[in-house]
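# Breakdown of the fold
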Amino acid sequence: MYRQQYFEVLEIITGELSRRFNQDKLGVIKKLELMLLSAANGEFKGIPETVKDLYKGDFDFGALKRQLPMLQDTVRSAKIKRVTSVKTICDIFNSQMVCKQLFSKVHKVLCLYLTIPVTSATAERTFSILRRLKTYLRGTMAQKRLNNVLLLNIHKDLTEGLNLQEIAQQFATVNERRVPFFGSFKKNE
């Protein structure tokens, strides 16, 4: 009995994984990655038609087609023999700031590739935080304030390192009328 259930679960998992990773748009992303890697390794054969169809309004494909074959020289100047990851190309672009200007279209493709979400976990996490923040009592909160509170809650690791006294001091001194209401925030010595 357990053996049958075990195999049924495995079948469901493999079916869902293949369904998830055999989507049309994911194939375009794979081709985009392969195009970048092949260009970096000197094996550039052209821009795939599926990439052209999906991003036809976003890129100047003529300029991109001219810049991609030159990417190999930049990789070799960084003394890298074979590129196996897009991260390597990003590291080269970050270490040599002139690359971002010389290869502006390739940089745009890299930015597009890096901003494609792999999962929807971040969005789901954001909505669960939103459910906690926007309670019945806070239902009248304006959209701008809700966005700001949501960002502060999501990025707790960054907000914990802020100096609140310095921020309050800066807020109070921006306008002369605020000083009587908020006073001054002098650092305790």
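Here we come to the overall build of the chain. When its secondary structure is counted, the chain shows 12 helices and 0 strands. Once local pairs closer than 6 in sequence are excluded, the contacts in the chain between residues at least 24 apart make up 52%. Counting every atom, the chain has about 14600 Å² of accessible surface; 57% of that belongs to carbon and sulfur.

The geometry of a pair of packed helices is captured by two quantities: the angle between their axes and the separation between those axes. Viewed as axis vectors pointing N to C, helix α4 (residues 61-77) and helix α7 (residues 104-115) meet at an angle of 90°, and their least axial separation amounts to 8 Å. Taken together, the axes of α4 and α7 lie roughly perpendicular to each other. Two secondary-structure elements touch here, α4 through A63, L64, Q67, L68 and L71 and α7 through S104, K105, V106 and V109.

This part is about the nonpolar core. Ranked by internal contacts, the top residues of the largest apolar core, which has 30 residues, are I47, L68, I89, F93 and V106. For this core, the secondary structure elements donating two or more residues are α2 (24-40), α4, α5 (86-95) and α7. Not counting the four nearest positions on each side in its chain, I89 is found in contact with L36, L37, A40, V83 and L110.

Look at α5 against α7: their axes get within 11 Å of each other, and the N-to-C directions meet at 130°. The pairing of α5 with α7 is recorded here as oblique in orientation. Of the two possible hands of crossing, α5 and α7 adopt the one that is left-handed. Residue-level inspection shows V86, I89, C90 and F93 of α5 in contact with α7, the latter providing V106, H107, L110, Y113 and L114. Among the residues forming the contact of α5 with α7, the class breakdown is 8 nonpolar, 1 polar and no charged.

A word on the packing of aromatic side chains. By the definition in use, this model includes 5 aromatic pairs. On the basis of an interplanar angle of 45° and a centroid distance of 6.2 Å, the ring pair of F93 and F103 is categorised as tilted. Placement of F93 in helix α5 and of F103 in the loop between α6 (97-102) and α7 is noted, with a sequence separation of 10 residues between them. For the pair F93 and F103, one class covers both residues: buried. With centroids separated by 5.2 Å and ring planes inclined at 75°, the aromatic side chains of F171 and F182 adopt a geometry described as edge-to-face. Separated by 11 residues along the polypeptide, F171 in helix α11 (residues 164-173) and F182 in helix α12 (residues 178-182) bring together distant segments of the chain. Overall, the relative accessible area of 44% leaves F182 in the partly exposed class. Among the aromatic residues, those joined into a cluster by ring pairs are Y55, F59 and F61. Directly above the aromatic system of F171 lies the positively charged group of R178, at a separation of 4.0 Å from the ring centroid.

Bringing the side chain of N153 into the picture now. By the element assignment, N153 lies in helix α9 (residues 143-154). Judged by relative accessible area, N153 falls into the buried class, the value being 19%. Those residues within four positions of N153 in sequence are excluded, and the remaining contacts are I129 and L133.

Right, let's get into the pattern of salt bridges. With the rule as written, the count across this model stands at 3 salt bridges. With a closest N to O distance of 3.8 Å, E49 and K52 form a salt bridge. Taken as a pair, E49 and K52 lie in helix α3 (residues 49-54) at a separation of 3 residues, close to a single helical turn. Under the relative-accessibility criterion, K52 is labelled partly exposed at 25%. Note that D91 is salt-bridged to K87, the shortest N-O span being 3.2 Å. Highlighted residues: D91 and K87, both in helix α5, separated by 4 residues, approximately one helical turn. Since its relative accessible area comes to 39%, D91 is described here as partly exposed. Judged by its relative accessible area of 55%, K87 falls in the exposed class.

Definitions and cut-offs
- Residues numbered from 1 in each chain as written.
- Predicted model: local features only at pLDDT ≥ 70, side-chain atom pairs only at ≥ 80, totals over all residues.
- Heavy atoms only, no water.
- Helix = DSSP H or I, 4+ residues; strand = E, 2+ residues; numbered from the N terminus.
- Contact = heavy atoms within 4.5 Å.
- Areas by Shrake-Rupley, 256 points an atom, 1.4 Å probe, with all protein chains shown as cover.
- Axes fitted to C-alpha atoms, helices over the stretch in contact; angles between N-to-C directions.
- Parallel < 35°, antiparallel > 145°, perpendicular 65-115°, else oblique.
- Core = buried A, V, L, I, M, F, W, Y, C linked by side-chain atoms within 4.5 Å.
- Buried < 20%, exposed > 50% of the residue type's maximum accessible area, 1.4 Å probe, protein only.
- Left-handed = near helix turned anticlockwise from the far one by under 90°.
- Nonpolar A, V, L, I, M, F, W, Y, C, P; charged D, E, K, R; others polar.
- Phe/Tyr/Trp six-rings, centres within 6.5 Å; stacked < 30°, edge-to-face > 60°.
- Lys NZ or Arg CZ within 6 Å of the ring centre and 35° of its normal.
- Salt bridge = Lys/Arg side-chain N within 4 Å of Asp/Glu carboxyl O.

From the geometry alone we can't say anything about function, so treat these as descriptive.
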